[in-house]
Amino acid sequence: MTEYSLYLGCVIPTLYPHVERAVRDVLSSSEVRPAEMASVSCCAPNYMFGLSRQSWLALNKRNLGLATGTILTACDECFASLQDARQAISEGGKGMPEVKPFLVFLSDQQETLKKEARSLGLRCAIQHSCHLLRPSKVRMVDNPDNPVLMKKALEVVGCTSVPHEEEMSCCGGQASGKLNPGKELAAKKIASARGAGADCIVTTCAHCLNHLTQNSPQFPVLHVAQLYALSLGSGPSSVGVPNRLVRKGASQQ
Amino acid sequence: MEVMLAVRSSLADKAPEDRKMMARNVVNTGRAFTPASELKDIRAGLNLPNVTLDDESVAQVKAAVEKAGLLSIIGEVSGGSDKR
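Now for a look at the structure at hand. Values in this document were obtained by computation on a predicted structure and should not be read as measured data. (Residues numbered from 1 in each chain as written. Chains lettered and ligands numbered in written order. Predicted model: local features only at pLDDT ≥ 70, side-chain atom pairs only at ≥ 80, totals over all residues. Heavy atoms only, no water.)

Next up on the list: the pattern of salt bridges. It is possible for side chains of opposite charge to pair when their charged atoms get near one another. A full pass over the atoms with the stated rule returns ten salt bridges over all chains. With a shortest N-O distance of 3.4 Å, Lys248 of chain A and Asp199 of chain A are connected by a salt bridge. With Lys248 of chain A in helix H14 (residues 243-251) and Asp199 of chain A in the loop between helix H11 (181-195) and strand E7 (200-203), the pair connects residues that are 49 residues apart, well separated along the chain. Its relative accessible area of 39% is what places Lys248 of chain A among the partly exposed residues. The exposure class of Asp199 of chain A is buried, given its relative accessible area of 5%. Via salt bridges that share partners, Glu20, Arg24 and Glu36 of chain A together with Arg43 of chain B belong to a single interconnected network. (Salt bridge = Lys/Arg side-chain N within 4 Å of Asp/Glu carboxyl O. Helix = DSSP H or I, 4+ residues; strand = E, 2+ residues; numbered from the N terminus. Buried < 20%, exposed > 50% of the residue type's maximum accessible area, 1.4 Å probe, protein only.)

Following this line, the structure appears as structure tokens:
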């Protein structure tokens, strides 16, 4: 069986500890017991390593060196940063640990997890993270024009993917500036999801989660791990799922 | 210095001390964004492990960044591990 090390990054442990609880609860229902990476540092993602490639590389060389087996990430920005770093350190990532995003892990564990999963009955608008899908020839996770992994993952926990106009657009999390286009992109995304009749937005990326949450005080935005943990028996409050959402899902079954 | 600039940019509306704290978290420990006291309580309530790094890990991260040439920030924000 593949050995894993769990890399949680910065955003989830510090801003969204309920998501970390959810990730850990899902892992405990899977066949995998990943090693902790307690002394890792920030993966120094794009908005930082854009300013200093050397620092980004130095930090991630250390991070990659702390892994046992494959690194499992719960944030797609961490996934992209670590994956790029392993390629930069060694041609083709030779001798470096593999890096696997949480969504692919869910897909791998689908048969095990669905034995225990109960249906949640929610209608979900998917936020496909740019970092997970693009550049597709590097990431090699899913079809960037017609991604299916997240839709299949939602089916396992009895949720429906609701197509919406802005499904394939960026959340806007890295689009800053005087005119604040990031806020505008997030508002469009949220309006699109609501307009399509979704109960919530679901993503796999901590930065998408953070950006959309900040711009969506009322409409729920969740990490896919939260839905999985809920489906596998975690309490809604421990994994940060609003009770009203749980009730809504139950009423739609 | 570059990292500090990025941190300043993303926390432009925050007080200097907050920016400094965040910079220390990002560079020295990689634990960004959150004032520690309430986080510690939340994490304990969720039965999650502590996110404090030991001094040796902090020293390793600092050494890696120093080696890459980012000396200024280390000088400005160093101060041991992030006590949570």
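Residue and element names in this part refer to chain A. Strand order in the open sheet formed by four strands is E6-E5-E7-E8, and the pairing between neighbours is parallel. Each edge of the open sheet carries a strand with a single partner, namely strand E6 (160-161) and strand E8 (221-223). Looking at chain direction, E7 and E8 are connected through three bridges and run parallel. Bridging from a neighbouring strand, Val202 pairs with Leu222 of E8. Along the sheet, helix H10 (residues 149-156) makes contact with strand E5 (123-127), E6 and E7, crossing E5 at roughly 150 degrees. (Pairing = 2+ DSSP bridges. Contact = heavy atoms within 4.5 Å. Axes fitted to C-alpha atoms, helices over the stretch in contact; angles between N-to-C directions.)

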